[in-house]
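This is what each chain is made of:
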Amino acid sequence: MLAGGVDSLVNYGAMCCFMRLDAMSRNVACPELASRPFDSDRDGFVMGEGAGFVVLQRLADVYQPGPEPLGLVLGHASTADAHHLVAPSPDGAGAIRCMELALADAGVQRRDLAHINAHGTSTVLNDRAEATALTSLFAGSCPPVTAVKGSTGHMIAGSGAVEAIVSLLSLRHRLVPPVAGLRTIDPAFDLDIVRDVPRQAAPGYALSNSFGFGGANTALVLAASGPAA
C-alpha cells in the first residue's frame, strides 16, 4: 500500500482564509522566527508546501527479500474533540484519549517512548492544548518532545506523513531534531522540549501526533527496524 499526504496551499485564497481565522503568524519583523512551536512569543503558523509517502507492507512480508524496511507502524488511533469548529478542546481531552488508544493499540508503555513528534503548529491555542494533553498524560515524565513545523511550516494535509517519516529517521539514528525557531519555551509548558541542537535518544519508540482544526486527532506509534533499532 502506498500511503501519504500532499498539499500545496501557498496561494491567495488559502492564505486569506487562514489569516481570517487568525491562525497564521504576522511576524514580518523577524520572518525566520515566525514558525516557533511552543515558544512564549508564538503567534501562528507559517504555511508550507510538501509531500511525504511511504510504502506499507504486512509484517509477514517485511523480512522477505527486498529493500530493508525503514520501520514499523505498531499502533494508531483517531479521535474527535467535538468541541469547536476550529479550536481544540483546551483541556486536551481528545488528544489524551487519542494518544492513549494509539499506545494501547501498539502494546507500548509510556515509559518506553524515546521521543514524541508533536503536532506543534506554533499557534497559541493548539500548542497550549497539546502541551496540556502531554503534561496530563505523562504526569511529569514526558519523553523528549520535538516539532517539525518549526523547520517546514505547516504543510496541512502533507504534514502528518512527513512528520511520521522524520520520526522513523530519528529512531533509526537515535537523534531527535531540535525545534527550529524556538527561543523561549512558554513557561506554562512543563515539557522536555528539544531545542538548539539535536538530542541523542535512547532506544525505544516514537509517538507522532497530528492534531488538526476542530480537534481532529491522530496519533501513530512507530518503531525503527534494522541495525540501528
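Thresholds, definitions, all that
Residues numbered from 1 in each chain as written. Predicted model: local features only at pLDDT ≥ 70, side-chain atom pairs only at ≥ 80, totals over all residues. Heavy atoms only, no water. Helix = DSSP H or I, 4+ residues; strand = E, 2+ residues; numbered from the N terminus. Rg over C-alpha atoms; globule rule 2.2 N^0.38 Å. Areas by Shrake-Rupley, 256 points an atom, 1.4 Å probe, with all protein chains shown as cover. Lys, Arg positive; Asp, Glu negative; His and termini not counted. Charge placed at Lys NZ, Arg CZ, Asp CG, Glu CD. Pairing = 2+ DSSP bridges. Contact = heavy atoms within 4.5 Å. Axes fitted to C-alpha atoms, helices over the stretch in contact; angles between N-to-C directions.

Let's talk about the overall build of the chain
Thinking step 1. What the chain contains, in helices and strands, is six helices and nine strands.
Thinking step 2. In terms of overall size, the chain behaves like a compact globule, its C-alpha atoms giving a radius of gyration of 17 Å where 229 residues would be expected to give roughly 17 Å.
Thinking step 3. Taken along its principal axes, the extent of the C-alpha atoms in the chain is 50 × 40 × 35 Å.
Thinking step 4. Here the chain has roughly 11,000 Å² of accessible surface; of this, 58% comes from carbon and sulfur atoms.
Thinking step 5. Charge centroids of the chain, computed over 15 positive and 21 negative side chains, lie 2 Å from each other.

Observations concerning the sheet that holds strand S9 (residues 216-224)
Thinking step 1. On the basis of which strands lie adjacent, the open sheet formed by five strands has the order S3-S9-S8-S4-S5 and mixed pairing. One side of each edge strand has no neighbouring strand; the edge strands of this open sheet are strand S3 (71-80) and strand S5 (145-146).
Thinking step 2. Bridge analysis of strand S8 (residues 205-212) against S9 gives eight bridges, and the strand direction is antiparallel. Paired with Leu207 across the bridge in S9 is Val221.
Thinking step 3. In the packing of helix H3 (residues 93-106) onto the sheet, the strands contacted are S3, strand S4 (113-117), S8 and S9, and the crossing angle to S3 comes to about 145 degrees.

Just geometry here; none of it tells us what the structure is for.
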